[in-house]
Amino acid sequence: MFKSHTNHLGFRIQLTLTTVILLSAIGVGMIWYSSSERAITQAIEGFYRQSNDVVKDHLDEFFNNVRLIYKQQDLMADELDTIVQDKTEMQRYLTESLRKHPNIEHFYFATPNGGLSLIGRDPDIVRFNLPESYSNYFEFIETERPEAGYLHRYIIHPLKRDNILLNSQEYYDARKQPWFFQALANDQAIWSELIKREEQQGELGVTLSKAEYDQAGELLGVWGMDIDLTPLIDELERIKISPNSVITILGRQGTILTSTRPDHVAAYGELKTIDPQLTPLLYKVWKYRYGHTTDVSPVYRFHCQGQYWLSYTGYYTLDGDDRVTIVMLSPLNDFTSVFMTAKDTAIVLTLVLMIIAAIYGYYGNRYILTPIQRLTNAINNISRGQWGQTLNLKRSDEVGQLADAFDDMSRHLEQTITHLDQEREKTAKLNLLLEKQNQELEARVTARTVALKEANNRLEKLAFYDPLTNAPNRRFFWQQFNEIRDRQGCWLMLLDVDDFKKLNDTYGHQVGDLALQHLVNICNDTFTEPDFIGRIGGEEFAICSLAPDEITARRLADNLLQRLSSIPVSLGDTQITITVSMGITQCEPGSKGCFGIADGLLYQAKQSGKNKALLISLEERR
């Protein structure tokens, strides 16, 4: 059944039209999909780099605001000499500084002998069984004398000076703390270490310390303040580039300092670290970033948790060699929803175009083939003696002209037969005259028969030859090709005119028709019998060649390309040179799939620059 449809010209035209539209839509869709996805990825990378700069700016602003305290101390050097010598003034100074700078968690001063005076926020009222009203008080810790000793803990109001003693703690020597001796080794304030605040569920902070000297260069002591990093989380939330993006700040060993993702933050007094089971997203980025011996791109795309992610890694350096790592992650789905909608729309549009092509092909086939079928039926009826067959096709094209000629011939033939019947009824007296008339009639019948044969020949030519190029059409070509291939084998050469659509758009379809006729003429001059050419598509042709070997087949193809390049199409003063791409394969008797192989080579020739012939022999195919 399928074979019978494939031999039907209308079915083949409709199938070809639909296939061309489908292949064009798939090719354009793939190019569009690839370029669109690349553009989205590049845009996300640009957002990441900008967001990384914004995070660094927030960190700079966050830390530099704290440094201003020490810069202000440089302007009040004389007052500080007095303050550090007076416990009351020291408490007042620490309290005022803490109250004016909400980012500072603890502000303290250590004497050269290891003594300590410290003011801190948020006293632990639960631990010391204090009323809720004390939650806004400050915590004051100091050694009894300006030297290493036991610490005393107080709770004080930020504005009043009432000290409530809570307890005395263990022996404390500030000189043994890292921030103390690191400050002595630097002239400026230094971020001396990351600290973990146990009582605050493992939240992270940094210590900024600075050594203080008098005018004579003697050490007065070391200032220190602890800065809480957790307020940065609000800033990070505001600069996320998508709802499901994650921004995380990591320590040197993969410790999660702070993150916009709740399951990454500290819990139960312990900071979380990167783990392949608990934090798979961060683990993949960390493994990629630190699993290479050379520098890698800060942007990394990977698959995790059933979807694709894009990450960006940046760094922020504290004082010395200490630094934090900024990791930003976003699922690609956050950015591709509109893209996927457009892709679905393109698929629907392709299906609509295919349906339109099918409908157009159906009615186009009816318009072309129905008159031919009517003409065939009329001829068959006449051959069975049913005179008076007419088509009455009111059309001005070539098919209409053929129908008009047939109607004239049919009416004339009917009149002739009627006249013969009347003549035969005459009496015997007119036998001699009748015989003479019969001879004349036979001559006329012979002439009409010749005319009918000519009409049949014209019909045959329309059925088996392309009216534009006078080359065998697709059906007749493949019929002849299959017979030659099965009998002795041959070469199949597929040709396609390069940039034919552009030629039609530039010069018009009439020039395009002249170009096709020019191509067929050049092919007929290049290939001699028994080789022959056929038109199998709009600008696509096929040649069946009995070349004895591969060298001869390649020479014929090269000769055709050279002749096309050297012999242009003449349009008055304009010379147009056309080129073709060729796919050539050798076909042995009984072989199948020759067209697919040649078509694939033709496609490769198109993709690799056009105006060339690609050939494959039986030995290469095996």
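Participant: Help me understand the overall build of the chain, please; the structure alone is not making it clear to me.
Facilitator: Helix and strand counts for the chain stand at 16 helices and 20 strands. Expressed as a percentage of its 622 residues, the buried residues of the chain come to 42%. For the chain, the accessible surface area stands at approximately 34500 Å², while carbon and sulfur atoms represent 53% of it.

Participant: In this structure, what is going on with the packing of helix α12 (residues 500-507) against helix α13 (residues 509-526)? I would like to understand it.
Facilitator: When two helices pack together, their arrangement is given by the angle between the helix axes and the distance between those axes. It is the contact of α12 with α13, at a shortest axis distance of 7 Å, that shows an interaxial angle of 135 degrees. One finds that α12 runs oblique with respect to α13. Here Phe500, Leu503, Asn504 and Tyr507 of α12 come into contact with α13, specifically with His509, Val511, Gly512, Ala515 and Leu516. For the contact of α12 with α13, the class distribution of residues is six nonpolar, three polar and no charged.

Participant: I'm lost on the sheet that holds strand β14 (residues 490-497) in this one. Help?
Facilitator: Backbone hydrogen bonds hold the strands of a sheet together, and the pairing may be parallel or antiparallel. The strand order across the open sheet formed by five strands is β15-β16-β14-β19-β20, and the pairing between neighbours is mixed. Two strands close off the open sheet at either side, each with one partner strand: β15 (532-535) and β20 (613-616). Taken over all neighbouring pairs, the strand axes of this sheet differ in orientation by 15 degrees on average, direction set aside. Here β15 pairs with strand β16 (residues 540-545) via four bridges, running antiparallel. Looking across to β16, one finds that Ile533 is bridged to Ile543. Of the strands in this sheet, β14, β16, β19 (580-587) and β20 are in contact with helix α15 (residues 594-607), which crosses β19 at around 150 degrees.

Participant: What is the right way to look at the pattern of salt bridges in this model?
Facilitator: Opposite charge on two side chains lets them pair, provided their charged atoms get close. Under the defined criterion, the tally for this structure stands at 15 salt bridges. A salt bridge links Arg535 to Asp466; the shortest N-O distance between them is 3.1 Å. Placement of Arg535 in strand β15 and of Asp466 in the loop between α10 (431-464) and α11 (474-488) is noted, with a sequence separation of 69 residues between them. Comparing Arg535 with Asp466, the two get one shared label, buried. Notably, a salt bridge pairs Asp505 with Lys501, separated by 2.9 Å at the nearest N-O pair.

Participant: Sorry, what's going on with the packing of aromatic side chains here?
Facilitator: Here the distance between the centres and the angle between the planes together describe a pair of aromatic rings. Under the counting rule described, the total for this entry stands at 17 aromatic pairs. Clustering of aromatic rings is evident, with ring pairs tying together Phe477, Trp478, Phe481, Phe532 and Phe595. The ring of Tyr308 has Arg301 sitting right over it, with the charged end atom 5.0 Å from the ring centre.

Participant: What's the story with helix α14 (residues 550-566) in this structure? I'm lost.
Facilitator: The α-helix winds at 3.6 residues per turn, so residues separated by three or four positions along the chain end up facing the same way. Across its 17 residues, α14 extends 24 Å between first and last C-alpha, which sits within 8% of the 24 Å expected from 1.5 Å per residue. Those residues of α14 not exposed but buried are Thr552, Ala553, Leu556, Ala557, Leu560, Leu561 and Leu564. Where α14 is buried, its residues contact β14, α13, β16, β19 and β20. Of the residues that open α14, the one with a side-chain oxygen 3.3 Å from the backbone nitrogen of Ile551 is Asp549.

Participant: What exactly am I supposed to notice about the nonpolar core here?
Facilitator: Side chains of nonpolar character tend, in soluble globular proteins, to be buried together. Grouped together as the largest cluster of nonpolar side chains are 33 residues, with contacts concentrated most on Leu495, Leu560 and Met582. The element that contributes the greatest number of residues to this core is α13, accounting for seven residues. Residue contacts for Leu560: discarding those within four places in its chain leaves Leu495, Ile522, Cys523, Thr526, Phe527, Ile543 and Met582. With 26 residues, the next largest nonpolar core counts Phe109, Ile119, Phe140 and Trp191 among its residues.

Participant: Just to check I follow, could you spell out α13 for this structure?
Facilitator: Over its 18 residues, α13 runs 26 Å from end to end, which matches the ideal 26 Å to within 8%, given 1.5 Å per residue. For α13, every residue scored as buried is listed here: Val511, Gly512, Ala515, Leu516, His518, Leu519, Val520, Ile522, Cys523 and Thr526.

Participant: It is not clear to me how the pairing of strand β4 (residues 149-156) should be interpreted in this structure. Could you clarify?
Facilitator: Side-chain positions along a regular strand alternate between the two faces of the sheet. Burial within β4 is extensive, with seven of its eight residues counted as buried. Sheet topology note: the strand β3 (residues 138-143)/β4 ladder contains six bridges and is antiparallel. Following the sheet pairing, Thr143 is matched in β4 by Leu151. Connecting the antiparallel pair β3 and β4 is a turn made up of five residues.

Participant: Explain the confidence of the model for the chain to me, please; I cannot follow it from the model alone.
Facilitator: The predicted structure's coordinates, where accompanied by low pLDDT, should not be read in detail. Taken over all residues, the pLDDT of the chain has a mean of 79, while the share at 70 or more is 79%. Least confident of the elements in the chain is helix α1 (residues 2-6), whose mean pLDDT is 51; most confident is β16, at 96.

Participant: Is there a simple way to think about unusual backbone geometry in this case?
Facilitator: Note: most residues except glycine have negative phi, and most peptide bonds are trans. Here the residue pair Glu529 and Pro530 is connected by a cis peptide bond, since its omega of 15 degrees sits within 30 degrees of zero. As for its position among the elements, Pro530 is in the loop between α13 and β15. Residue Lys610 is not a glycine yet carries a positive backbone phi of 70 degrees. Given a relative accessible area of 29%, Lys610 falls into the partly exposed group.

Participant: Looking at this model, I keep getting lost on the packing of α13 against α14. Mind explaining?
Facilitator: Contact pair α13 / α14: the axes reach a minimum separation of 10 Å and the direction vectors enclose 135 degrees. Between α13 and α14, the angle is such that the two are oblique. Judged by the twist between their axes, the crossing of α13 over α14 is right-handed. For the pair formed by α13 and α14, the contact residues are Leu519, Ile522, Cys523, Asp525 and Thr526 on the first element and Leu556, Asn559, Leu560, Arg563 and Leu564 on the second.

Parameters at a glance
- Residues numbered from 1 in each chain as written.
- Predicted model: local features only at pLDDT ≥ 70, side-chain atom pairs only at ≥ 80, totals over all residues.
- Heavy atoms only, no water.
- Helix = DSSP H or I, 4+ residues; strand = E, 2+ residues; numbered from the N terminus.
- Buried < 20%, exposed > 50% of the residue type's maximum accessible area, 1.4 Å probe, protein only.
- Areas by Shrake-Rupley, 256 points an atom, 1.4 Å probe, with all protein chains shown as cover.
- Axes fitted to C-alpha atoms, helices over the stretch in contact; angles between N-to-C directions.
- Parallel < 35°, antiparallel > 145°, perpendicular 65-115°, else oblique.
- Contact = heavy atoms within 4.5 Å.
- Nonpolar A, V, L, I, M, F, W, Y, C, P; charged D, E, K, R; others polar.
- Pairing = 2+ DSSP bridges.
- Salt bridge = Lys/Arg side-chain N within 4 Å of Asp/Glu carboxyl O.
- Phe/Tyr/Trp six-rings, centres within 6.5 Å; stacked < 30°, edge-to-face > 60°.
- Lys NZ or Arg CZ within 6 Å of the ring centre and 35° of its normal.
- Expected span 1.5 Å × (residues − 1).
- Polar contact = N/O pair within 3.5 Å; in protein donor to acceptor, adjacent residues only side chain to side chain.
- Core = buried A, V, L, I, M, F, W, Y, C linked by side-chain atoms within 4.5 Å.
- pLDDT = per-residue confidence, 0-100.
- Left-handed = near helix turned anticlockwise from the far one by under 90°.

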